[in-house]
Amino acid sequence: FAEEDKHPWYVTIDGNSTFSNFQLTEQLEIPEEFGQLDTIKQDFMMGLAIENIKALYYSRGFFSLDLKLDIQREYIRPDSVQRGYIISLREGERYHFGGTTILVPDSSKIEIDKSALRTNNKERLFNHDDIAEDIQLIQQTYRKAGYLHTYVSPAELIDTVRKCIIVEVSVNPGAKV
């Protein structure tokens, strides 16, 4: 923390192994003026900031993540209290893909090579970027077939028993041009 902080503070992160403390601290996106804010705003902002850490873990398939924020107050002088933000997490098991279902009206169904879809590989660990890649592949396939205004929308169905994500892709091809 900066020496000139009106309300000194620090962050401690424990229980992480997939991402480094540096990576997780960067995800918090704490503004430089954080130490100048009153403590109620600090606590509120930190509560919001840990959602960024959750989003990072979820984007990589850690849907069983258990994350807790503990706020400690420590007297550093009789007239000055320092806030400690202790972030404890248990990553849990990383989910994998559980297959892909493509929903498209029968009148405009085009053969998609499902083996080319990353999300259809049941051995592959979940990564949200793979869904974006598959969406692009599906859109390109439809556009090459003359459906230039194709809209593709993914949904992620979480199977907590098998620890997998089934990707359901809705395709609205629009009119063939």
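Residues numbered from 1 in each chain as written. Predicted model: local features only at pLDDT ≥ 70, side-chain atom pairs only at ≥ 80, totals over all residues. Heavy atoms only, no water.

Q: If you had to explain the sheet that holds strand S4 (residues 96-103) to someone new, which residues and values would you point to?
A: On the basis of which strands lie adjacent, the open sheet formed by three strands has the order S4-S6-S5 and mixed pairing. The sheet terminates laterally at S4 and strand S5 (151-159), the two strands that pair on one side only. Within this sheet the neighbouring strands show an average axis-to-axis angle of 20°, counted without direction. When S5 meets strand S6 (residues 164-172), the two strands line up antiparallel, connected through nine bridges. Of the residues in S6, the one forming a bridge with Tyr151 is Asn172. Against the sheet, helix H3 (residues 128-144) contacts S4, S5 and S6, and its axis sits at roughly 145° relative to S5. (Pairing = 2+ DSSP bridges. Helix = DSSP H or I, 4+ residues; strand = E, 2+ residues; numbered from the N terminus. Axes fitted to C-alpha atoms, helices over the stretch in contact; angles between N-to-C directions. Contact = heavy atoms within 4.5 Å.)

Q: Explain the nonpolar core to me, and be specific about the residues and the numbers.
A: Core analysis: the largest hydrophobic core is formed by 19 residues, its most contacted members being Leu24, Ile53, Tyr57, Ile87 and Leu89. At the level of secondary structure, the elements contributing two or more residues to this core comprise strand S1 (9-14), helix H1 (21-28), helix H2 (39-59) and strand S3 (80-90). Sort the elements by how many residues they give to this core and H2 lands first, with six residues. Among all residues touching Ile87, those that are not within four sequence positions of it are Val11, Thr12, Ile13, Asp14, Leu28, Ile50, Ile53, Leu67, Lys68 and Leu69. (Core = buried A, V, L, I, M, F, W, Y, C linked by side-chain atoms within 4.5 Å. Buried < 20%, exposed > 50% of the residue type's maximum accessible area, 1.4 Å probe, protein only.)

Q: Break down the pattern of salt bridges for me, with residues and values.
A: All told, the structure shown has nine salt bridges when counted by the stated rule. The partner of Arg90 in a salt bridge is Asp66, and the shortest N-O contact between them spans 3.2 Å. Linking Arg90 in strand S3 with Asp66 in strand S2 (residues 66-77), this pair joins segments that are 24 residues apart in sequence. Note that Arg118 is salt-bridged to Asp130, the shortest N-O span being 3.1 Å. (Salt bridge = Lys/Arg side-chain N within 4 Å of Asp/Glu carboxyl O.)

Q: Hey, could you go over unusual backbone geometry for me, with residue numbers and the actual values?
A: For Glu29, which is not a glycine, the phi torsion comes out positive at approximately 50°. Secondary-structure assignment places Glu29 in the loop between H1 and H2. A positive phi angle is found at Lys163, which is not glycine, with a value near 55°. Following the sequence through the fold, Lys163 ends up in the loop between S5 and S6. Classification of Lys163 as partly exposed rests on a relative accessible area of 24%.

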